[in-house]
Structure formats: C-alpha cells, structure tokens
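So you can see what is in the structure, the chains are spelled out below.
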Amino acid sequence: MQAQDLTTEVAGLSVHLLRGGEGDPAVVLHHSTGPIGWVPFHDELAQRFAVHAVDLPGYGRSDRPSWARHPRDLAILLNRALEQLEMDGVTLIGAGFGGFVAAEMAAMTDARLRSLVLVGAAGIQPAEGEILDQMVLKEEFYVQKSFRDEESFRAFYGEDETGELADLWDFSREMTARVTWRPYMFDRRLPHILATVRTPTLLVWGEEDRVIPRSCAELYARALPNAQLEIVPEAGHVAEYEQPETVARLIAEHVGSLA
C-alpha cells in the first residue's frame, strides 16, 4: 500500500506521519530504535483502520524538542497532535518505547481514545528481570535482541544492514537517552496513574521477548482496570514485525469486541 506523507505542527514543532487505509483511526507509535517507514504490520492494520504511523517527536522526520527530558513530554505533544488532527475514537497502539509514550498519553487523558494497545511496552519497572539496556550495547546487537533469534532478524532486515539504518538507530538512541535515562525505560509513578485509565486495553507480548520481561506485562495488566493480555508465539520484543498478521488480528478483534 502506498502511504501518504503528512505533517502537523505542535508547539512550533513539525510532527511527521504516514497515513494509509480506511476505517476507524489507529495511531501507531514506534520503538526506541526509530521509525522504519511503512511496514507489513501497517498494511495488515490498514485492512481495518485508517492507520497513522507517527514519527515520535525527536525521531525520524519529526522535529526534535531540545527541551524534552521524559517520555511524558512526548506524550503531551502527541495528545496535542491528536487535537490538531481532530482525531476522536482513536485506537492508540504503542510498541516498546512507543508503548511507554502511549501509556503516558492515556494516563493524561483518554478522552479521544476508543482503545489502547501496548505491544511489549516499556514504562513499568519489572518485578523480575531487567529491561535490556540498549545504551550499553552496539545498536545492531540490540536490534537483533529485539527479535526472537538472529534468523528472524535477518529475514526482516536482510543480510546486510544499510548505512541509512545504522544512522537511524544511532540518531534514535541519542533521543532515547535524553528522555529515558535514570531510571532507564520506566517511571515509578506511572502504575499509580494508570489506575485512572478506563480505556479498554489490549496488552500484546511476544512469547520470547528478550528486551522487556514478561513481569512488566503482568504489572500493566494489574495496573490497568480494563486490560487483557495476549501472548504471541514465535515472536520476540518486536512481535508486530515478526507476526504482523497475528498482532493485527488481535487488535481488530479487540476493537471489534467493543462495538
């Protein structure tokens, strides 16, 4: 599918997004490694939704807010972006770090949300294990760890990573360090605020996630009053890349059940 390039202005910053498909609005927020364009997962979603794949502020082709120092800062900007785009009844989908931002957005206000989907989301301190720290790893190795194994990584990205991808990962890591450092990739306040979120929520976790421990999924399920958890077989942290049809189907079924 050919996606349409769009931008919107928020607080003097340009926010870039790709739009494709028809139906109810879905907003997709990417991982900390940055936006890689329109991927098969977006195509699968676009069979049911009008998909808006957003470059988070400071990532991809969106302007970088030099003042931002917490995922909540990005959440404020993106809630304003939804207002600018006059979007209501939104299915908000956040993956990895994008899930952290999506959870912060819902915690602030769920007035524009129909449903919330968190795929391997960061944001909560694990009860067991640790969130894999990408800052201490070579970026390519961290991205490989996001998949269930190297074979799956190679199947998605190909045998040779381009310099363009390496540049994207490095650029994204700089922004990630600005907004997720100390503590890394979680906020101790977030679980308490999530108790106020009434939006129906789907938690999706890869069965072989090597980045965000399963205990985080269970803590999200405990914190959110209206949440269900689905485990995706043969998938790691980037379940939507490895099993796009399955994850898109789970989301469509979740939203369909709300009707």
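Refer to the structure above for everything that follows.
Before going into details, it helps to say that this report is about the structure given with it. (Residues numbered from 1 in each chain as written. Predicted model: local features only at pLDDT ≥ 70, side-chain atom pairs only at ≥ 80, totals over all residues. Heavy atoms only, no water.)

Scanning the protein from N- to C-terminus turns up 10 helices and eight strands. Expected size for 259 residues packed as a compact globule is a radius of gyration near 18 Å; at 16 Å, the protein falls within 12% of this value. Each principal axis of the C-alpha distribution contributes one length, and for the protein these read about 40 × 40 × 35 Å. For the protein, the residues scored as buried account for 58% of the 259 residues in total. Pairs at least 24 apart in sequence give 77% of the contacts found in the protein among residues at least 6 apart. On the protein, roughly 11000 Å² of surface is accessible, and the fraction owed to carbon and sulfur atoms is 46%. Of note, the protein has its 23 positive side-chain charges centred 7 Å away from the centre of its 40 negative side-chain charges. (Helix = DSSP H or I, 4+ residues; strand = E, 2+ residues; numbered from the N terminus. Rg over C-alpha atoms; globule rule 2.2 N^0.38 Å. Buried < 20%, exposed > 50% of the residue type's maximum accessible area, 1.4 Å probe, protein only. Contact = heavy atoms within 4.5 Å. Areas by Shrake-Rupley, 256 points an atom, 1.4 Å probe, with all protein chains shown as cover. Lys, Arg positive; Asp, Glu negative; His and termini not counted. Charge placed at Lys NZ, Arg CZ, Asp CG, Glu CD.)

Here we come to the sheet that holds strand β1 (residues 4-10). Taken in spatial order, the eight strands of this open sheet run β1-β2-β4-β3-β5-β6-β7-β8, and their pairing is mixed. Each edge of the sheet is formed by a strand with only one pairing partner; in this case those strands are β1 and β8 (227-232). Sheet twist, expressed as the mean angle between neighbouring strand axes with direction ignored, is 25 degrees. Pairing between strand β6 (residues 113-119) and strand β7 (residues 201-206): four bridges, direction parallel. By the bridge assignment, Leu116 is partnered in β7 with Thr201. Lying on the sheet, helix α3 (residues 97-108) is in contact with β3 (24-29), β5 (90-95) and β6; it crosses β5 at an angle near 140 degrees. Contacts from helix α8 (residues 214-223) reach β6, β7 and β8, with the element oriented near 170 degrees to β7. (Pairing = 2+ DSSP bridges. Axes fitted to C-alpha atoms, helices over the stretch in contact; angles between N-to-C directions.)

With 12 residues, α3 ought to run about 16 Å at 1.5 Å a step, and its terminal C-alpha atoms sit 17 Å apart, in line with that. Among the 12 residues of α3, 11 are classified as buried, and the element is accordingly described as predominantly covered. All buried positions along α3 are accounted for by Phe97, Gly98, Gly99, Phe100, Val101, Ala102, Ala103, Glu104, Met105, Ala106 and Ala107. (Expected span 1.5 Å × (residues − 1).)

The next subject is the environment of Ala252. For Ala252, the position within the fold is in helix α10 (residues 244-258). You can call Ala252 partly exposed: its relative accessible area is 25%. Expressed as a C-alpha distance, the spacing of Ala252 and Ala68, which sit 184 residues apart in the sequence, is 33 Å. Other than its neighbours up to four places away in sequence, Ala252 contacts Arg48 and Phe49.

Across the six residues of β5, six count as buried, placing the element largely inside the fold. Burial of the side chains of β5 extends over both faces: Val90, Leu92 and Gly94 are buried on one face and Thr91, Ile93 and Ala95 on the other. Bridge count for β3 against β5 is four bridges, and the pairing is parallel. Its bridge partner lying in β5, Leu29 is registered against Gly94. Note that β5 and β6 share six bridges and pair parallel.

Moving on: the side chain of Thr180. With respect to the secondary-structure elements, Thr180 resides in helix α6 (residues 163-180). Overall, the relative accessible area of 2% leaves Thr180 in the buried class. Within the structure, the side chain of Thr180 is placed 2.7 Å from the backbone oxygen of Thr176, a separation counted as a polar contact. Not counting residues up to four positions away in its chain, the partners in contact with Thr180 are Pro71, Phe97 and Met185. (Polar contact = N/O pair within 3.5 Å; in protein donor to acceptor, adjacent residues only side chain to side chain.)

Pairing geometry for β7 and β8, over six bridges, is parallel. Paired with Leu202 across the strands is Gln228, a residue of β8. In this fold, β7 hands off to α8, which returns the chain to β8; that crossover is right-handed. (Right-handed = clockwise from strand over helix to strand, strands pointing away.)

Now for the side chain of His52. For His52, the location among the structural elements is in strand β4 (residues 49-54). Look at His52 and you get buried, because its relative accessible area is 9%. Non-local contacts of His52, meaning those with residues more than four positions away in its chain, are made with Leu17, Leu18, Arg19, Pro25, Ala26, Val27, Val28 and Met87.

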